[in-house]
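Residue-level listing of the chains:
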Amino acid sequence: MQIFRCPACSSPVYFHNLACGCGQEVSFDPDAQTMVAGAPHCANRDEIACNWVAEQGGLCRSCAMTETVPDLRAEQNLPLWADSELAKRRMLAELARWGWFTPADPGARPVFRMLSEETLHGEADVIMGHANGIITINVTEASDAVLAHRQEQFDELYRTMLGHMRHEMAHFLFLRLAEDPAFLDDFRARFGDERADYTAALQQHYDAPKERGPEYITTYATAHPHEDWAETLAHLQHLVSMLDSGLASGLRLPDFPAEGYDAFLEADTEALITRAVHLSIAVNHVNRALDLPDLYPFVLTQPVREKMALAHRWLRRV
Ligand SMILES: [Zn+2]
Ligand SMILES: [Zn+2]
Ligand SMILES: [Zn+2]
């Protein structure tokens, strides 16, 4: 993520900020990718601290994609919804840098159902996932305590709300890309045939997960070609975002490009991955000084890099 500038005083302003330290109220314009002053605010600004500019209907582009919000009569749901929407905006703002869901992209947009396990009438089951353009997000996982428990339960240290957003959106992007038969040919040659029985494959995964060979980024990716795609694409976004944020912060390593470089314009996937890995090794060293876990503890094998290169090539095409 970039670091923005206050339109009034030019001080640094971060992606989630509603105002600069100088008092200037700011909103994020996803097309200009800047913080602006004086633009109409998203109608959800006061309720969930959405800092994007309003589009038609008074909501911003991100909030307009949300069809269902959690039961706000259960009072813990408001902050969980707000945190989940922030992760969603972060994911969407970065995809916009590749052109997705901008005015230049006439294609379909996803619909989000933001649900909580907590309702006024007690606990409800919420299964995260994507089906036919509808993305269901369990906002309960925006709670630090719940997330920590599930990271342990599922042995997924890297389980985060932003990770869920990137993963579920990847399923939607598959639908969009699959409108082009050339994509499906490319996809099947690398990820396998996604027409394989999904329900049976997932059941098999939960009964007895396959051994993760070098061609998969995570164990969950072994479950089905659709999940391999979603995991691979989510990790590609993690890497590009990590590099972009490092560069925006002024971090420099020997193989880093000169100032003004935009990681989202980079076409060379291998160069992106290599730089992101070098950055993660450097930050790991810093984290160890505080006894904190590694920033990005995944091994990027050659087959995984080739899958990422395929995903990257198609993602940049809108
Ligand atoms: Zn300012
Ligand atoms: Zn909004
Ligand atoms: Zn999935």
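The name an unreviewed UniProt entry gives the protein is Zinc-ribbon domain-containing protein, with Alloyangia mangrovi as the organism.

Peer 1: Mind showing me how you'd approach the overall build of the protein here?
Peer 2: For the protein, the count of helices and strands is 10 helices and 10 strands. Here the protein has a C-alpha radius of gyration of 20 Å; the compact-globule value for 318 residues is 20 Å, and the two agree. The principal-axis extents of the C-alpha atoms in the protein amount to approximately 55 × 55 × 45 Å. Here the analysis covers contacts within the protein between residues at least 6 apart in sequence; of these, 56% occur between residues at least 24 apart.

Peer 1: Explain the sheet that holds strand β5 (residues 66-68) here, please?
Peer 2: In a beta sheet, neighbouring strands are held together by backbone hydrogen bonds and run either parallel or antiparallel to one another. Strands sit in the order β5-β6-β10-β9 across an open sheet of 4 strands; the sheet is mixed. A strand with exactly one partner marks an edge of an open sheet, and here the two such strands are β5 and β9 (129-131). When strand polarity is set aside, the average angle formed by the axes of neighbouring strands in this sheet is 30°. Where β5 meets strand β6 (residues 111-115), 2 bridges bridge the pair, whose relative direction is parallel.

Peer 1: Before we go on, may I ask you to explain the domain arrangement of the protein in this structure?
Peer 2: The parts lose accessible area when they come together, and the size of an interface is often stated as this lost area. According to the domain assignment, the protein consists of domain 1 (1-60), domain 2 (65-173) and domain 3 (178-318). One C-alpha centre belongs to domain 2, the other to domain 3; they are set 20 Å apart. Between domain 2 and domain 3, the residue contacts involve 13 residues of the former and 14 residues of the latter. No other element matches the 6 residues that helix α5 (residues 161-177) contributes to the side of domain 2 that touches domain 3.

Peer 1: Teacher, can you tell me more about helix α3 (residues 77-96) here?
Peer 2: A turn of α-helix holds 3.6 residues, and therefore any two residues three or four places apart point the same way. Helix length check: α3 (20 residues) gives 28 Å between terminal C-alpha atoms against 28 Å at 1.5 Å per residue, within 8%. Most of α3 is tucked away, with 15 of its 20 residues classed as buried.

Peer 1: Hey, could you run me through the UniProt feature "domain: Zinc-ribbon" (unreviewed entry) in the protein in this one?
Peer 2: Under the UniProt annotation, "domain: Zinc-ribbon" (unreviewed entry) lies at residues 4-37. Annotated as residues 4-37, this span is 0% helix and 29% strand, and its ends, taken at the C-alpha atoms, are 13 Å apart.

Peer 1: How should I be thinking about the nonpolar core in this particular structure?
Peer 2: Nonpolar side chains tend toward joint burial in soluble globular proteins. Ala170, Leu233, Leu239 and Leu243 are the most contacted members of the largest nonpolar core, which totals 52 residues. Secondary-structure elements contributing two or more residues to this core are α3, β6, β10 (134-138), α5, α6 (181-191), α8 (225-248), α9 (269-288) and α10 (302-315). Ranked by residue count, the leading element in this core is α8, at 10 residues. Each of two domains, domain 2 (65-173) and domain 3 (178-318), supplies a minimum of three residues to this core.

Peer 1: Please explain helix α4 (residues 144-153) as it appears in this structure.
Peer 2: The element α4 is largely exposed, with a buried count of 0 among its 10 residues. Directly beyond the C-terminal end of α4, a positive phi value near 55° is found at Asp155.

Peer 1: Sorry, what's going on with the environment of Met165 here?
Peer 2: If you trace the backbone, Met165 turns up in helix α5. The spacing of Met165 and Thr274 is 109 residues in sequence and 24 Å in space, taken between C-alpha atoms. Filtering out sequence-adjacent residues up to four positions away, Met165 remains in contact with Ala87, Lys88 and Met91.

Peer 1: I tried to follow the packing of α8 against α9 on my own but got confused; where do I start?
Peer 2: Describing two packed helices takes the angle between their axes plus the distance from one axis to the other. Axis separation between α8 and α9 bottoms out at 9 Å; the angle between their running directions is 65°. Considering the relative orientation of α8 and α9, their crossing is left-handed. Along the contact surface, α8 presents Leu239, Val240, Met242, Leu243 and Gly246, while α9 presents Leu272, Ile273, Arg275, Ala276, Leu279 and Ser280. Of the residues in the contact of α8 with α9, the class split is 8 nonpolar, 2 polar and 1 charged.

Peer 1: Sorry, what's going on with the environment of Trp314 here?
Peer 2: Structurally, Trp314 can be placed in helix α10. Sequence separation between Trp314 and Val13 is 301 residues; the distance between their C-alpha atoms is 32 Å. Discounting chain neighbours no more than four positions away, the residues touching Trp314 are Leu177 and Phe183.

Peer 1: Before we go on, may I ask you to explain the pairing of β6 in this structure?
Peer 2: A regular strand places its side chains so that they alternate between the two faces of the sheet. After leaving β5, the chain enters α3 and then returns to the sheet as β6, a path that is left-handed. Relative to β10, β6 runs parallel, the two sharing 5 bridges. Bridge pairing in β10 links Leu115 to Asn138.

Peer 1: In this structure, what is going on with the pairing of β10? I would like to understand it.
Peer 2: Strand direction decides the pairing type here: β9 and β10, joined by 3 bridges, are antiparallel. From the neighbouring strand, His130 faces β10, where its bridge partner is Ile135.

Peer 1: Teacher, can you tell me more about the environment of Tyr14 here?
Peer 2: Looking at the element boundaries, Tyr14 is found in the loop between β2 (12-13) and β3 (27-29). Spatially, the C-alpha atom of Tyr14 lies 34 Å from that of Thr219, the residues being 205 residues apart in sequence.

Reading guide: rules and limits
Residues numbered from 1 in each chain as written. Chains lettered and ligands numbered in written order. Predicted model: local features only at pLDDT ≥ 70, side-chain atom pairs only at ≥ 80, totals over all residues. Helix = DSSP H or I, 4+ residues; strand = E, 2+ residues; numbered from the N terminus. Rg over C-alpha atoms; globule rule 2.2 N^0.38 Å. Contact = placed C-beta atoms within 7 Å. Pairing = 2+ DSSP bridges. Axes fitted to C-alpha atoms, helices over the stretch in contact; angles between N-to-C directions. Domains from an automatic or database assignment. Expected span 1.5 Å × (residues − 1). Buried ≥ 20, exposed ≤ 12 C-beta atoms within 10 Å, placed from the backbone. UniProt positions renumbered as here; feature names shortened; annotations may be inferred. Core = buried A, V, L, I, M, F, W, Y, C linked by C-beta atoms within 7 Å. Left-handed = near helix turned anticlockwise from the far one by under 90°. Nonpolar A, V, L, I, M, F, W, Y, C, P; charged D, E, K, R; others polar. Right-handed = clockwise from strand over helix to strand, strands pointing away.

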